[in-house]
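As a plain string of letters, each chain reads:
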Amino acid sequence: MIEFKHVNKYYGANHVLRDVTMTVSRGEVVVVCGPSGSGKSTLIKCVNALEPYQDGHILVDGIDVGNKARSATHLRQRVGMVFQNFELYPHLSVIENICLAQRVVLKRHAEEARERARRLLDRVGLKDKEAAYPMNLSGGQQQRIAIARALALDPEIMLFDEPTSALDPEMINEVLDVMTALAADGMTMMVVTHEMGFARRVASRVVFMDMGEVVEDCSTEAFFSHPQSRSDRARLFLDKILSH
Amino acid sequence: MPDYSFIVRNASFLFDGLLLSLTLTLIGVIGGLAVGTALALVRLFTGVIGNYAVDAYVFVFRAIPLILVIFWFYFMVPLILGRPVGAWTSAIVAFTLFEGAYYSEILRAGLKSVRAGQLNAALAGGMSRAQALRYVIFPQAFAAMIPIFLTQAIILFQDTSLVFVVSLHDFLTATTIIANRDGRLIEAYAFACLVYYLICLAATAGVEKLKRTFAR
Amino acid sequence: MNYQWNWGLLLRAPYAGWLLTGLGWTVALSIAGWLIALPLGTTIGIARTSSSRWVLRLSGFYVSVFRNIPLLLQMFVWFFVVPELLPAKLGLWFKRDLPAPEFWTAVLALGFYTSGRLAELFRAGLQAVPRGQRMAADATGMNRAQALRYVVMPQALRIILPPLTSEFMSIVKNSSLALTIGVLELTAQSRQIENFTFHGFEAFGAATAFYVLVALVLNLVMVCLQRTLALPVAV
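Note that the structure is a prediction, hence the values are computed from the model and not measured. (Residues numbered from 1 in each chain as written. Chains lettered and ligands numbered in written order. Predicted model: local features only at pLDDT ≥ 70, side-chain atom pairs only at ≥ 80, totals over all residues. Heavy atoms only, no water.)

## Remarks on the overall build of chain C
Item 1. Counting its secondary structure elements, chain C contains nine helices and zero strands.
Item 2. Listing the helices and strands of chain C from first to last along the sequence gives α-α-α-α-α-α-α-α-α.
Item 3. For chain C, the spread of C-alpha atoms along the three principal axes comes to 70 × 60 × 30 Å.
Item 4. Within the span of chain C, comprising 235 residues, buried residues form 54% of the whole. (Helix = DSSP H or I, 4+ residues; strand = E, 2+ residues; numbered from the N terminus. Buried < 20%, exposed > 50% of the residue type's maximum accessible area, 1.4 Å probe, protein only.)

Rendered as structure tokens:
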């Protein structure tokens, strides 16, 4: 469903993605982890063309993301994204947040969009918040609404960019629960996260990145159960984040 | 055919005009700073009534056009002094008091821009209030204010052209005079635009550079 | 100081009428100038945030020209120079057949001058909206115009509302410069009354009162607008 073929990206002289090659199949949940600055966020932002890359190919359902002739609009309808800082629109109510792209991008009718938004709010457990404004909600609630907003366009793929790292600890699970349910429904997901518990329970594969390189790309089972057969860099990283 | 030779012929007249604009700017900056500081001190030390008086002063001067202020003092200064004083003196008074209102606001915003935590930190470190102001607050406030002071001075330089209405020979008025005398309006005004543009552009670039220096 | 007060003269003909027509011209100049400045300033301000280098340069040059030349000189250029540079027929129409040419010239000068200032304001406002907001809009498939229209601009407008109000106050004050090319707006009328009656305190006092009133009303309008548009914040 998503194919990375020898993807390279540079910020000036900085080589931030080095020859990334991998495949994410339909229905897979791939957790991407690695130290900060390893290029993992940049990698998933390349999938929906929020970040350009200079070299190689990314194919989403066989269609090249880097093809400048095609507008990104169609691609982005099919690839939903959730951000670290939620990025809900503060000037719009919850339901307006979820309806906006449905209205202006998909040209759905107001009633249809609201109907869809209400079903999604129900799904993320925030049915009663449709009239609230983002700033009056907790971080966990905001992130669940951000997930609903992304789902409103009926994407086939969901990208999560550190969805829980801006949250207070007690709110992390409510967001992970929504993501777990989504995975159970068969959504194709790429998740950048440090939540190794989530990775162990939900991921079909774990990708470990360091310095722009994919160092490990293996099944969840292999990643967690056989650390001795992992690279030094991955072991060091795991030791650091699992030790407490 | 455009002909710019009259500018060379009248160079010294134009230069005197430019000098008057710059002098008035300088006086406006110094006088405005003095009045602005005085207003800030009144705010700090005279309690509620002084505060209201300064607020009213600032509000009125910021609400009315500079031309009206110039007219006010052109009319009032001789009346108060009881003898004619000429446009120059009344223009100086007008610019000083007008700029004072703006500078007092800049001073206030600058002092406010230093976070309260800084004062607390200095006091907690055993400094007296005066020491805290002298060594911690003022240097930071000053760094924040300097670029805004200078930007205000550039605006003031442009505003000095308004003394046209009381027939003082600033640069713009001087240009207008020779433009009419030699019948060369297009060239004269094109030249004036260029001079103002280059001076203000260079000054703005200088302020930007200063800002970057302070930011470091 | 020896001065005979006579506030009553302000209510007498013809002076009361002068002040009122002056006020009328001041309001007309300000509003007409604003109607040019706002769309122009918004457009240039958006151009100032463009990713294209030459759009940036061009809009930057526009702003620097209108901000670095004194408004009074700009007014003279619009009044004395521009008609000469227009095609002969249009220039003649401008000078002879257009009703109240001084008024329209002043409106153009005020409008373009203010547009340069508004452009800087809009640029700052647009840049103050966190980058993630545009990214979020992009990620849901909105194009640039949609992201601007529905996500970034509504937030930028809220940020710049207070300085935007003071820009409108500036255009009201700056409209007084129109007197130099012969528009008898409020300041000019008060000056004229002073010339006729030597009662400067009353004449300038009346004009000052009008301007202060305008400023007070604008402040009030801004506070109301800010309240209506304020984003609800957790209590």
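## Details of the overall build of chain A
Item 1. Along the backbone of chain A there are nine helices and 10 strands.
Item 2. Dimensions along the principal axes, computed over C-alpha positions, put chain A at roughly 55 × 45 × 30 Å.
Item 3. The 244 residues of chain A split such that 56% are buried.
Item 4. A separation threshold of at least 6 residues defines the contact pool for chain A, and within that pool the share at least 24 residues apart is 66%.
Item 5. In the form shown here, chain A has an accessible surface area of approximately 10400 Å², with 48% of it arising from carbon and sulfur atoms.
Item 6. Placing the 29 positive and 32 negative side-chain charges of chain A at their respective mean positions leaves the two points 4 Å apart. (Contact = heavy atoms within 4.5 Å. Areas by Shrake-Rupley, 256 points an atom, 1.4 Å probe, with all protein chains shown as cover. Lys, Arg positive; Asp, Glu negative; His and termini not counted. Charge placed at Lys NZ, Arg CZ, Asp CG, Glu CD.)

## Comments concerning the pattern of salt bridges
Item 1. Going through the model one piece at a time under the given rule, you end up with 29 salt bridges over all chains.
Item 2. Its salt-bridge partner being R26(A), residue D61(A) comes within 3.8 Å of it at the nearest N-O pair. One end of the pair, D61(A), is in the loop between β4 (55-60) and β5 (63-64); the other, R26(A), is in the loop between β2 (14-24) and β3 (29-33), with 35 residues separating them in the sequence.
Item 3. Overall, the relative accessible area of 34% leaves D61(A) in the partly exposed class.
Item 4. A relative accessible area of 57% means that R26(A) is categorised as exposed.
Item 5. Where R43(B) meets E105(B), a salt bridge forms, and the shortest distance between an N and an O atom there is 3.7 Å. With a gap of 62 residues between them, R43(B) in helix α2 (residues 11-45) and E105(B) in helix α5 (residues 86-113) connect regions that are remote in the sequence.
Item 6. On the basis of relative accessibility, which here comes to 11%, the residue R43(B) falls in the buried class.
Item 7. A single network of salt bridges, built from pairs that share partners, joins R26(A), D61(A), R78(A) and E156(A). (Salt bridge = Lys/Arg side-chain N within 4 Å of Asp/Glu carboxyl O.)

## What about a nonpolar patch on the surface?
Item 1. A cluster of nonpolar side chains, L213(C), V217(C), V221(C), L225(C) and L229(C), forms an exposed patch at the surface whose accessible area comes to about 400 Å².
Item 2. The partly exposed category is assigned to L229(C), whose relative accessible area is 34%. (Patch = residues over 30% accessible without salt bridge, like charges linked within 9 Å, V, L, I, M, F, W, Y side chains within 5 Å.)

## A few points about the interface of chain C and chain A
Item 1. Between chain C and chain A, the residue contacts involve 20 residues of the former and 23 residues of the latter.
Item 2. A combined buried area of about 2000 Å² lies between chain C and chain A, and 65% of that area is made up of carbon and sulfur atoms.
Item 3. The interface formed by chain C and chain A contains zero salt bridges.
Item 4. The tally of links from chain C across to chain A stands at seven residue pairs in polar contact (both at pLDDT 80 or more). (Buried area = accessible area lost by both parts, 1.4 Å probe. Polar contact = N/O pair within 3.5 Å; in protein donor to acceptor, adjacent residues only side chain to side chain.)

## Remarks on the interface of chain C and chain B
Item 1. Between chain C and chain B, the contact holds 39 residues from the first and 33 residues from the second.
Item 2. Counting the surface lost from both chain C and chain B, the interface buries some 3200 Å², and carbon and sulfur atoms represent 79% of this.
Item 3. Taken together, the links from chain C to chain B amount to zero salt bridges.
Item 4. Viewed at the interface, chain B and chain C are joined by five residue pairs in polar contact (both at pLDDT 80 or more).
Item 5. Mapped by element, the contributors of at least two residues to the side of chain C that touches chain B are α2 (53-68), α3 (71-85), α7 (144-174), α8 (186-197) and α9 (200-229) of chain C.
Item 6. Looking at the side of chain C that touches chain B, the element that brings in the most residues is α9(C), giving 11 residues.
Item 7. Looking at the side of chain C that touches chain B residue by residue, the classes come out as 24 nonpolar, 10 polar and five charged. (Nonpolar A, V, L, I, M, F, W, Y, C, P; charged D, E, K, R; others polar.)

## Overview of the confidence of the model for chain C
Item 1. Mean pLDDT over chain C works out to 91, with 97% of the residues at or above the 70 mark.
Item 2. For this predicted complex, the interface confidence comes out at an ipTM of 0.91, alongside a pTM of 0.89. (pLDDT = per-residue confidence, 0-100.)

## Things to note about the sheet that holds β5(A)
Residue and element names in this part refer to chain A.
Item 1. One open sheet accounts for four strands, arranged β2-β1-β4-β5; its pairing is antiparallel. The open sheet is flanked by β2 and β5, the only strands paired with a single partner.
Item 2. Both strand β1 (residues 2-11) and β4 contribute to a ladder of five bridges, which runs antiparallel. Among the inter-strand pairings, I2 is bridged to a residue of β4, identified as V60.
Item 3. Lying on the sheet, helix α1 (residues 40-47) is in contact with β1, β2 and β4; it crosses β1 at an angle near 120°. (Pairing = 2+ DSSP bridges. Axes fitted to C-alpha atoms, helices over the stretch in contact; angles between N-to-C directions.)

## Looking at the nonpolar core
Item 1. Counting residues in hydrophobic clusters, the biggest one holds 163 residues, and the most contacted among them are I2(A), F4(A), M190(A), L73(C), M75(C) and M142(C).
Item 2. The leading source of residues in this core is α7(C), at 12 residues.
Item 3. Leave out the neighbours within four places in its chain, and F4(A) touches V20(A), T21(A), M22(A), L43(A), V47(A), H57(A), I58(A) and M190(A).
Item 4. Within the second largest apolar cluster, 53 residues are counted, among which are V94(A), A183(A), V191(A) and V202(A). (Core = buried A, V, L, I, M, F, W, Y, C linked by side-chain atoms within 4.5 Å.)

## Some points on the packing of helix α5 (residues 101-128) of chain C against α7(C)
All names here are of chain C.
Item 1. Axis separation between α5 and α7 bottoms out at 8 Å; the angle between their running directions is 145°. Every pair of crossing elements has a handedness; the one defined by α5 and α7 is right-handed. On α7, the residues touching L110, Y113, T114, R117, L118, L121, F122, G125, L126 and A128 of α5 are L148, V152, M153, A156, L157, I159, I160, P163, L164, E167, I171 and N174. (Left-handed = near helix turned anticlockwise from the far one by under 90°.)

## Some remarks on the pairing of β3(A)
Residues and elements named next belong to chain A.
Item 1. Within β3, five of the five residues are buried, which leaves the element mostly enclosed by the surrounding structure.
Item 2. In terms of strand pairing, β3 meets strand β8 (residues 188-192) through four bridges, oriented parallel. Counterpart to V29 in the pairing with β8 is M189.
Item 3. In this sheet, strand β9 (residues 205-210) lies alongside β3 in parallel orientation, the contact comprising four bridges. From the neighbouring strand, V31 faces β9, where its bridge partner is V206.

## As for the layout of surface pockets
Item 1. A volume near 910 Å³ is recorded for the second largest pocket.
Item 2. What lines the second largest pocket is a set of 33 residues, among which A49(A), L50(A), E51(A), R76(A) and D138(C) lie closest to the centre.
Item 3. In terms of residue count, helix α2 (residues 72-78) of chain A provides more of the lining of the second largest pocket than any other element does, five residues in total.
Item 4. A class-by-class count of the residues in the lining of the second largest pocket yields 15 nonpolar, eight polar and 10 charged. (1 Å grid on protein atoms, 1.4 Å probe; cavity = no way out; pocket = protein on both sides within 12 Å on 5 of 7 lines; lining within 4 Å. Points joined across faces, edges and corners; volume = space filled by probe spheres on them.)

## Looking at empty space enclosed by the protein
Item 1. Applying the stated criterion to the full structure yields one cavity of 30 Å³ or more.
Item 2. In this structure, the largest cavity occupies an estimated 30 Å³ of space.
Item 3. Counting only elements with at least two residues in the lining of the largest cavity, the list comes to β6 (79-82) and α5 (139-151) of chain A together with α6 (131-139) of chain C.
Item 4. The class makeup of the residues in the lining of the largest cavity is five nonpolar, two polar and one charged.

## Quick notes on α1(A)
All names here are of chain A.
Item 1. Within α1, eight of the eight residues are buried, which leaves it mostly tucked inside the rest of the structure.
Item 2. Within α1, burial applies to K40, S41, T42, L43, I44, K45, C46 and V47.
Item 3. In the segment just after α1, A49 is the residue with positive phi, at about 65°.

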